[in-house]
Amino acid sequence: WGFFALLQGCFVFKPSPKKRKVSHETEHDLGEGEVVSEDTELRFLTCQSLWNQIKAETEQIQEDLNKQLFDNLTGFLRQSHADFPEKTTEWTRGLRSREIPTAALVLGVNVTDHNLTFRSLSEVLQNNITPYVALLEAKNCAGIKHLMQKLLGQLMNCQVDEDSLEDEDYVQVSQKRIRCSMSSLVTWYQSVTKKTDSATPSKRTTSSSKYGQHPPIVVVLKDMESFSTKVLEDFIVISSQHIHELPLVLIFGIATSPMMIHNLLPHSVSSLLCIELFQSLSCKEHLSTVIEKLLLSPQYPFKLGEKALQVLINIFLYHDFSVQNFVKGYQVGNEHFKLRPWSGLAGCEGGSRRAGEGLLTRPCNDRTKSNGFKVYVESQGSEKQIALLTEDSCLKETVQELLENLHVYHENYISVLRCLHIFTSFLPKHPLGKQLRELHCTCLEDRVWETEEYESSLQLARMLNKSDLVTMLQQCVEIFVSSSGKQFGEIVEKLKEFLTQFQKLEAEAFQEPDVSISSQKELQKKTDLYHLQKTLLELKESKRSKKLTKFELLRFEIVDYIDSLVRQYLLPADHKTLHEVMYFNTASMLREHLNAAPRIALHAALNNPYCYLKNQALRTAGGSISNKAPDICIVYRLHLECGRLINLVDWLEAFSTVLMATEEPNADASSSDQDDDVIHARFIRAVSELEFLGFIKPSKQKTDHVARLTWGGC
Amino acid sequence: MPNLEHPAYPAAKLLQLESLVPCRESQVSLLLSIFGEREQFTFPSIFIYGHRASGKTYVMHTLLNTLQLPHVFVNCVEYFTSRLLLEEILIQLQSYSEAEQTSHVPCDTLNDFVRLFKQAVASRELQDQTLYIVLDRAEQLREMEANILPAFLRLQELTDRNVTVVLLSEIVWELFRPNTGCLEPVTLYFPDYSIGHLQKILSQNHPPVYSADFYAAYINILLGVFYMVCRDLKELQHLAALNFSKYCEPVVRGEANERDTRKLWKNIEPHLKKAMQTVYLREISSSQWERLQCDDGEPGQLKGLSAHTHVELPYYSKFLLIAAYLASYNPVRTDKRFFVKHHGKIRKTNFMKKHEKTSSHLLGPKPFPLDRLLAILHSIVDNRVAPTANIFSQITSLVTLQLLSMVGNNDQLDGPRYKCTVSLDFIRAVAR
């Protein structure tokens, strides 16, 4: 954490190159055998430091989000064995069955994220509650024997790590490990705690005061679902036999629902447990926080474009719910730094001008490489154009200015976006999405005010009631006040003015009673049908032509003002010059890397070898099979035309026909005989390759047939 | 009531024993007559069975301890391999004999065991007294090596020492009998406690502050509520201890005296009913229950475990699960009809075969191949689904979450087959 603070500090105020020389050795990865130019080095370093910051930040976010959960858990653990060893002689003690305190930790289905959670959990436990924490995984615990071995190994080892001074202890432990039963664990625990009691006070006071006299033994079953019932039953029964001597606490990591405990364990076993439920934060909320803190913060110059962000969010929502994978995908986006010559500038954007100067020595050479910049140059006057293309200093100035602009744009963008989100998230049906990330995506995509959804949400906003409007305005004021942008003073003033106007309105409304009520009273008096109809019509007329009330006028004014803010500040990023320095938008690259389609790739390779081999001879028109293609491709193409069972003889026939297609028909008999053998061998090899790839398998129904295993088989 | 009588043991001890084992006097007296005097050889093996919490372990324990008969008590679940079991018996034997801990001797086979056992018995001053080896949860022995159970049954003969093996189990002897034949033990059945027995045993241990009658009345109410669902003595004891403070509440507050049974009943009855739905089923833990009692809160605030049935799944996982469910419960022949848009006409008659008319939910899920799952997935998802690696890994993660299960996992290349293991209610919740 300290390291992160240091990095952050040096980043914002003075990104001195000295600090960044942390990992000089690896920079060659980016150079890829070329001459490692100063530029690539710089880019690599920027990338590296940025990534370190981001990583630290994500970990911090995770920690913060889990804090509540862990606090509850530690409270539960502390309390669960508070009265160990029992001294109380209450009559209930004898009668009540001693249940094993158990925490059911519901973590959600994103199993990939769990490891990190468990790691930090065990860290927290070891810091606060007990040194004895064992993490068990189902794949290591096929039988009760393995489970006990793992458990004892982890517990006794952790003791060894605790104080490696006592060597004779270690020998004892290793001897005992042969007998892995609960009773040896009990004796071990007793010896350990006794030692704590009698050991020299100077050495032990710290640890015993930290953990208490009898720290509980925490056994974490990471993936409860995968454990077999038998193992769990046995383990729980055994532990419950020793709960008097051993302060044992179980933590079940559950991915689906806690109901599963009842499905897994019979009542006779679950009655030995004292289960309390702990629910972790939903992963969607986690993702929202990560996006808000990483992408929607001016602190990190590395941004994702609309398409790239959409790809990552889709993978998250459609496939795995894993925040970890989302962050990994974000990291892949860092490839950006490798590919774009100008992206080295991204690092200095938040920094001072001085930092920029250092970085700007390089881009002068490849000034025309950046497309966006070219456009910018062309849009300038001719004098300016020449200056930009020839004079380094002028270029530097301009680039710095542009970067500065971009930074200011971000700050404004984020605040206004949040402000707009406050309005839209209140609306019924959420035309612009419930989450901030959805709104962000829409804004990135195009001018948000040109979309239909924006139009409809403005219309809805014009119908908000007063109390909602006031709270929203107050929230907006808070956002603008707390944001780092400089030019929001005006906006805040304006919003506050609206608020005071509201107060005035309220006061006025208090004074003059409503007119419509009186007219309604009149309405009630009249009993005559004709008159009633008449007055109703009049009322309708008056309503249509009625002037808007003051409140309504004010409401329009506010909505219009918000609209103007949006139009001013929520311009999509790709309209800004030099946006490509910070934005990564190659969605196809992300999709290729993160959402691979092996079946499709394999099919493409075998069906159309040209797309990988790039051999002109393989280029075929239409669906015909070239005989120049690799054998396996020909065999594959032929097998696509068959049903579930493929006759090998027919297949070979077709294969040889394809191969012989272009050869001269009048070849002499002897050579064709030889050819047949070769073709046969080639065919067999290709077929076995196909079998190896899992497309076919030998069939038991007919000996000279093989069965297809892929699509179209049935 | 048979009074325990035996010439070998002092009458005072027998009286004490009798008071400790209420409602099991006849069994104890039978056991005593089987055991005979201390030095007498008795049956080589005794098999005691009866339901959970019918006092098998407790009776044996108290009997052996009160009369101070030399014995070894081992739980076969805890010592799950034959080696651990045999070693544990030896360790217990040694710890009896001397204070000094002899170093640990590995004992891998029964042959070793017999040898070491003879040594251990010899070193102990047993004076030819019968040694009892009690093996609790003896049904576990069947899962160990085949020779363990028969050998224990004739341990007396093998070791040529005065030893008797007592097996305790919840299942009948017929399920133990090995194919190869063995020495038949004496079997002894411990019947379930009747409601009268339960009342007697539970009321025996009344808290010192209150009178026995008061507590007996409480137990009466408790049994009235719980006897229908639970006859497990241990569980009832647990429940009695949990809820007693609530029962006493009116007395403590001075609203009722100890004899005011009706008032007390009115106070406790709904409370116990609630307990039956929550604590007894382990929906909420007993410590949470106690906390609720202290705070006088409504248990409605605390949701039980089964209240959290909702599982949040990624978009495609949901569809995969639904597709798996459809594949598991629909016959293959109907796929075309359900999932192809222009399936043509299907004659109503003869459409369903006879066995298909029984509800497929009664028959349980049927296995289906991966391809069928993907085909159904493609037809139920609106937009196109690319068969990406993520989709396949989602299937695997559904298997690890135990929502699907793999059937006959011989070879991945062989076209894996799955079964959907979730219920209709679950699928309804997912599909919503």
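Residues numbered from 1 in each chain as written. Chains lettered and ligands numbered in written order. Predicted model: local features only at pLDDT ≥ 70, side-chain atom pairs only at ≥ 80, totals over all residues. Heavy atoms only, no water.

Naming follows an unreviewed UniProt entry, where chain B appears as Origin recognition complex subunit 5 of Psilopogon haemacephalus. What UniProt records for chain B under Function (unreviewed entry) is the sentence "Component of the origin recognition complex (ORC) that binds origins of replication. DNA-binding is ATP-dependent. The specific DNA sequences that define origins of replication have not been identified yet. ORC is required to assemble the pre-replication complex necessary to initiate DNA replication." Under the UniProt heading Subunit (unreviewed entry), the entry covering chain B gives this text: "Component of ORC, a complex composed of at least 6 subunits: ORC1, ORC2, ORC3, ORC4, ORC5 and ORC6. ORC is regulated in a cell-cycle dependent manner. It is sequentially assembled at the exit from anaphase of mitosis and disassembled as cells enter S phase." (UniProt positions renumbered as here; feature names shortened; annotations may be inferred.)

An unreviewed UniProt entry annotates chain A as Origin recognition complex subunit 3 of Psilopogon haemacephalus. The UniProt entry for chain A carries the following comment under Sequence similarities (unreviewed entry): "Belongs to the ORC3 family." The heading Subcellular location (unreviewed entry) in the UniProt record of chain A holds the text "Nucleus".

Caption draft 1: Structural view of the sheet that holds strand β2 (residues 133-136) of chain A. All names here are of chain A. Spatially, five strands are ordered β2-β3-β4-β1-β5 in an open sheet, and the strand pairing comes out parallel. One side of each edge strand has no neighbouring strand; the edge strands of this open sheet are β2 and β5 (273-279). Strand after strand, the sheet turns through a mean of 20° between neighbouring axes, direction not considered. Relative to the sheet, helix α10 (residues 229-241) contacts β1 (100-106), β3 (217-221), β4 (248-254) and β5, its axis offset from that of β4 by approximately 160°. (Pairing = 2+ DSSP bridges. Helix = DSSP H or I, 4+ residues; strand = E, 2+ residues; numbered from the N terminus. Axes fitted to C-alpha atoms, helices over the stretch in contact; angles between N-to-C directions. Contact = heavy atoms within 4.5 Å.)

Caption draft 2: Structural detail: the confidence of the model for chain B. Residue-level pLDDT values for chain B average 82, and 90% of them are 70 or greater. For this predicted complex, the interface confidence comes out at an ipTM of 0.89, alongside a pTM of 0.80. (pLDDT = per-residue confidence, 0-100.)

Caption draft 3: Spotlight on helix α10 (residues 233-253) of chain B. Residue and element names in this part refer to chain B. With 21 residues, α10 extends 31 Å from end C-alpha to end C-alpha; this agrees with the ideal 30 Å at 1.5 Å per step. Where α10 bends most, at N243, the angle is about 40°. Taken across its 21 residues, α10 has 17 buried, putting it largely inside the fold. Two or three places before K234, at the opening of α10, D232 has a side-chain oxygen 3.0 Å from that residue's backbone nitrogen. Immediately beyond the C-terminal end of α10, within one or two residues, lies G254, with a positive phi of roughly 85°. (Expected span 1.5 Å × (residues − 1). Bend = angle between axes of the 7 residues up to and from the residue. Buried < 20%, exposed > 50% of the residue type's maximum accessible area, 1.4 Å probe, protein only. Polar contact = N/O pair within 3.5 Å; in protein donor to acceptor, adjacent residues only side chain to side chain.)

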